[in-house]
Amino acid sequence: MFNDIGALELLTLVVLAVLVFGPEKLPKVIQDVTRTIRKIREFSDSAKEDIRSELGPQFKDFEFEDLNPKTFVRKQLMDGNDDLGLKEIRESFDLRKEMAEVTDAVNGRESATSTGTAAAAAGTAAGPDLLKKSSPDLLKKPAQPAADERPPFDADAT
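A brief structural summary. (Residues numbered from 1 in each chain as written. Predicted model: local features only at pLDDT ≥ 70, side-chain atom pairs only at ≥ 80, totals over all residues. Heavy atoms only, no water.)

Let us now look at the overall build of the chain. Looking only at helices and strands, one finds six helices and zero strands in the chain. Helices and strands appear in the chain in the N-to-C order α-α-α-α-α-α. Taking all 158 residues of the chain together, 5% fall into the buried category. As displayed, the chain has an accessible area near 14,400 Å², and 61% of this comes from carbon and sulfur atoms. (Helix = DSSP H or I, 4+ residues; strand = E, 2+ residues; numbered from the N terminus. Buried < 20%, exposed > 50% of the residue type's maximum accessible area, 1.4 Å probe, protein only. Areas by Shrake-Rupley, 256 points an atom, 1.4 Å probe, with all protein chains shown as cover.)

And the structure:
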């Protein structure tokens, strides 16, 4: 509940509590707060048990944490339930390989997988050379216009 409170924040809360309640009343206030928290927890636990008993035996594995959408999705998609074949899809997708290919393409280098793919796509003995000749290189920077030459103007784009 209070996982993100640091030492400085905790010290600030203690100093404020001493200033607001005073050193005489502070132990009584702490006892009252802990008693109230304990009662709330007992009430919550009894309510959960009542709901479980009313649901019946078919919901014996029901956990209230499953009502959290993150937990529900993780349990349904990531655990042993593989009715949709998601495990195979997850294993076939290699993020590092994909990112390396994108990085190589951006930097103008040819990775080993993209060269093999291009050769397979061309389907000829020429392989990647045919592919380079037939399509423009989209990764190459366009030539800069001369200093006195105006860049193209598109009236529809403005």
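The discussion continues.
This next bit is on helix 1 (residues 7-55). With 49 residues, helix 1 extends just 44 Å between its outermost C-alpha atoms, more than 12% less than the 72 Å of an ideal straight helix rising 1.5 Å per residue. Of all the bends in helix 1, the greatest reaches close to 100° and is centred on Gly22; the proline Pro23 follows between one and four positions later. Immediately beyond the C-terminal end of helix 1, within one or two residues, lies Gly56, with a positive phi of roughly 100°. (Expected span 1.5 Å × (residues − 1). Bend = angle between axes of the 7 residues up to and from the residue.)

Okay, the pattern of salt bridges next. This model, assessed by the stated rule, comprises three salt bridges. Between Asp32 and Lys28 there is a salt bridge whose closest N-O contact spans 3.3 Å. Placement of the pair is Asp32 and Lys28 together in helix 1, with a separation of four residues, close to one helical turn. Judged by relative accessible area, Asp32 falls into the partly exposed class, the value being 29%. The residue Asp32 makes a salt bridge to Arg35 at a minimum N-O spacing of 3.1 Å. Of this pair, Asp32 and Arg35 both sit in helix 1, three residues apart, which is roughly one turn of the helix. On the basis of relative accessibility, which here comes to 38%, the residue Arg35 falls in the partly exposed class. Each of Lys28, Asp32 and Arg35 takes part in salt bridges that share partners, so that together they form one network. (Salt bridge = Lys/Arg side-chain N within 4 Å of Asp/Glu carboxyl O.)

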